[in-house]
Amino acid sequence: MMKKIPVQITPLKRTRYAFQRLRVCRSCHNFTVLWEKECMHCGKSAFIPVEHMAVRLTKRSMQTERLVALFLTLAGVLFSSTFQEIAICLGGGLALTVLLWIVQRQMVQTESPRKLSKWFNQEQDRLIQGLRLNIEAAVSIRPDNERLAYEMLREIGTLVDSDRNRLQQLSLLRSFILRRDMDLQLESLLLFHFDEGLAEYIGEIAKIKPELIKERTLLYVLDHEAEFLSMPGGKEILAATVGAIVRMKRYVTLYPEFIRRYARLLPKDRFLRLFRIVTTDPHLQFSNLAVEVAEIYNSKYQWDPDFQNTDKKLGHNV
Amino acid sequence: MIAYGCLGILFLFVVIRIILYYTHRKRPFPREEIDRQVLALINDRQERS
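Quantities reported herein were computed from a predicted structural model and do not represent experimental measurements. (Residues numbered from 1 in each chain as written. Chains lettered and ligands numbered in written order. Predicted model: local features only at pLDDT ≥ 70, side-chain atom pairs only at ≥ 80, totals over all residues. Heavy atoms only, no water.)

Caption draft 1: A look at the nonpolar core. All names here are of chain A. Judged by nonpolar contacts, the single largest core of 88 residues is most densely connected at F120, Y201, F271 and L274. Looking at which element gives the most residues to this core, the answer is helix α9 (residues 234-245), with seven residues. Those residues in contact with F271, other than ones at most four positions away along the chain, are A263, L266, V293, I296, Y297, Y301 and F307. Of all hydrophobic cores here, the second largest spans 13 residues; its members include L96, L100, V103 and M107. (Core = buried A, V, L, I, M, F, W, Y, C linked by side-chain atoms within 4.5 Å. Buried < 20%, exposed > 50% of the residue type's maximum accessible area, 1.4 Å probe, protein only. Helix = DSSP H or I, 4+ residues; strand = E, 2+ residues; numbered from the N terminus. Contact = heavy atoms within 4.5 Å.)

Spelled out as structure tokens, the structure:
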């Protein structure tokens, strides 16, 4: 059995948009999603957030427009033959340039997202290259510092949708002692195919942080239920998942058959929760789940004082 | 004549730019779209490679 190590994982910094995690080097335009100070490409400490870069590019583009305006003004003045023409061209040109400048000042924040979008299209190759460098850095550091490697892969995973990245994160997580106070992920690690490592991870999360078991995880478990059952300890993982989802009445209403299959394996506190939900919901009272819950109640908990305080409608129906 | 021509071009240039700026302000470019675009750029290239 793999020896697990205790670690302290830095919480993942949340941003409203995934692209806000990107930084770009002012010098070589290399991208990074990690937090290094020096650029891996040129070695300079010149990283700025991409949104700041967009503002710089927007201001530069606006400056170019003003230069074009001044150039046209100058051209007009140079081609003028009379003093009146010079005055009109100079006065008109400067007035139009100032007007343009005033409008541009108000429009920087509006124009920046548009500029950012165009710029990303142009810099696609550098963006991919930067992320590749990040992945290589994470992989190379793994033998020396697994915690850091996991944090790097987790950060990369916020942008890169790759099962390979998820598998690497999962293999690292399996080597850590997981605790409730850790900032753990689950839905972002779900794979397309069944994986025993992921199944074991779901089982652990169901016990220590059941609130992470949500709709997508449930659908993954349902899709691969047969594979879960074929692996050692798979039934226990499914029972733990059921134990996690009975915390929400909504899941009991939506997935009664799945819960019914593993209700017998639930620990007392989880079964009590399920019992309360089933006995108080009129839509569930005559379901197959209710029958199963009644059987379990009658065989195990009929004389349990914790159950006596609960409405016994179900017990009386059997 | 050429001088006034330059002034005319400048006038058109400034007016068109200002109209475009105000049009862009009326229909701001959503950040959600940038997010979708970046994720598509990264992950479509990943799939192809």
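Caption draft 2: Here's a closer look at the interface of chain A and chain B. Taken together, the contact between chain A and chain B spans 47 residues of the former and 33 residues of the latter. Carbon and sulfur atoms supply 68% of the area buried between chain A and chain B, which totals about 3,800 Å² over both sides. Counting the surface chain A buries against chain B, the share from its top three residues, L72, L96 and R114 of chain A, is 15%. There are two salt bridges connecting chain A and chain B. The tally of links between chain A and chain B comes to 13 residue pairs in polar contact (both at pLDDT 80 or more). Those elements that provide at least two residues to the side of chain A that touches chain B are α1 (50-78), α2 (83-122) and α3 (124-141) of chain A. When residues in the side of chain A that touches chain B are grouped by element, the largest group, 20 residues, is from α2 of chain A. (Buried area = accessible area lost by both parts, 1.4 Å probe. Salt bridge = Lys/Arg side-chain N within 4 Å of Asp/Glu carboxyl O. Polar contact = N/O pair within 3.5 Å; in protein donor to acceptor, adjacent residues only side chain to side chain.)

Caption draft 3: Representation of the packing of aromatic side chains in the model. Inspection of the entire model under this criterion finds 16 aromatic pairs over all chains. Taking 5.8 Å as the distance between ring centres and 35 degrees as the angle between the ring planes, the aromatic pair formed by F271 of chain A and F307 of chain A counts as tilted. With a gap of 36 residues between them, F271 of chain A in helix α12 (residues 268-280) and F307 of chain A in helix α14 (residues 305-308) connect regions that are remote in the sequence. Summarising the aromatic geometry, the rings of F275 of chain A and F307 of chain A are spaced 5.3 Å apart at their centres and angled 70 degrees between planes, so their arrangement reads as edge-to-face. Of this pair, F275 of chain A sits in helix α12 while F307 of chain A sits in helix α14, and the two are 32 residues apart along the sequence. The buried category is assigned to F307 of chain A, whose relative accessible area is 0%. Each member of the aromatic cluster is reached from another via a ring pair, and the members are Y17, F19, F31, W119 and F120 of chain A. Directly above the ring of W101 of chain A sits R105 of chain A, whose terminal nitrogen or CZ lies 5.3 Å from the centroid. If you follow R17 of chain B out to its NZ or CZ, it ends over the ring of Y21 of chain B, 4.8 Å from the centre. (Phe/Tyr/Trp six-rings, centres within 6.5 Å; stacked < 30°, edge-to-face > 60°. Lys NZ or Arg CZ within 6 Å of the ring centre and 35° of its normal.)

Caption draft 4: Seen up close, the side chain of E151 of chain A. All names here are of chain A. Assignment of secondary structure puts E151 in helix α4 (residues 146-157). E151 sits in the buried class, given a relative accessible area of 5%. Setting aside anything within four residues of it in sequence, one finds E151 in contact with Q8, I9, T10 and W35.

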